[in-house]
Each structure stands twice: as C-alpha cells, then as structure tokens.
Amino acid sequence: MYPPKVFMNKKHLPVKICVTCQRPFTWRKKWQRDWEHVKYCSQRCRQNKKTAP
C-alpha cells in the first residue's frame, strides 16, 4: 500500500481523515512504517484528541 520509491505527484498519495479535526491528510515518508496505525494529522491533534463518552 506504500507509494513506490519513484518521484510522484501528491495526488497519487494515500489520504486519511484525522480523527480529531476531520480534515484529510496525505501520506508522509516519516509514516512509512506505520501508516496503518496513523490516526492524527499532527502533534496538536494528537494532544487534543477527544475522549469517548
């Protein structure tokens, strides 16, 4: 599911929706190993995550 190691446009990268802010964010190289587990678009969203009632 990871993008190939060739130059590509951003429009071909996988996209997820942030759990906190509900905005789309795209794949980043630093998330390459655990893209399946990434839930938040930023540190700020991760720190401000909503707790389930």
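Rules used throughout
- Every chain is numbered independently, its residues counted from 1 as its sequence is written.
- For a predicted model such as this one, the threshold for reporting local features is a pLDDT of at least 70, and the threshold for listing and counting side-chain atom pairs is 80 or more; totals across whole chains, interfaces and linings nevertheless cover every residue.
- Side-chain numbers here rest on the full set of heavy atoms in the structure, without hydrogens or water.
- Put simply, DSSP H or I for four residues or longer makes a helix, DSSP E for two residues or longer makes a strand, and each gets a number counted from the N terminus.
- Working definition: with a 1.4 Å probe on protein chains only, accessible area under 20% of the residue-type maximum means buried, over 50% means exposed, and in between means partly exposed.
- Here, residues are in contact when the closest pair of their heavy atoms is within 4.5 Å.
- Paired rings are identified among Phe, Tyr and Trp, the last through its six-membered ring, by centres lying within 6.5 Å, and are further divided according to the angle between planes into stacked (under 30 degrees), edge-to-face (over 60) and tilted (the rest).

A. Inspection of the overall build of the chain at higher detail. Counting its secondary structure elements, the chain contains one helix and two strands. Moving toward the C terminus, one meets the helices and strands of the chain in the order β-β-α. Burial analysis of the chain (53 residues in total) assigns 26% to the buried set. Partitioning the intrachain contacts of the chain with sequence separation of at least 6 by distance along the chain shows that 22% fall at a separation of at least 24.

B. Spotlight on the packing of aromatic side chains. Counting across every chain of the model gives three aromatic pairs. Pairing Phe-25 with Trp-31 gives two aromatic rings, centres 5.4 Å apart and planes at 75°, and the pair type is edge-to-face. Trp-31 matches Phe-25 in its accessibility class, with the two residues each being buried. Among the aromatic residues, ring-to-ring pairing joins Phe-25, Trp-31 and Trp-35 into one connected group.

C. Focus on unusual backbone geometry. In this structure, Gln-22 takes a positive phi of about 65° despite not being glycine. In this structure, Gln-22 sits in the loop between strand E1 (15-17) and strand E2 (24-26).

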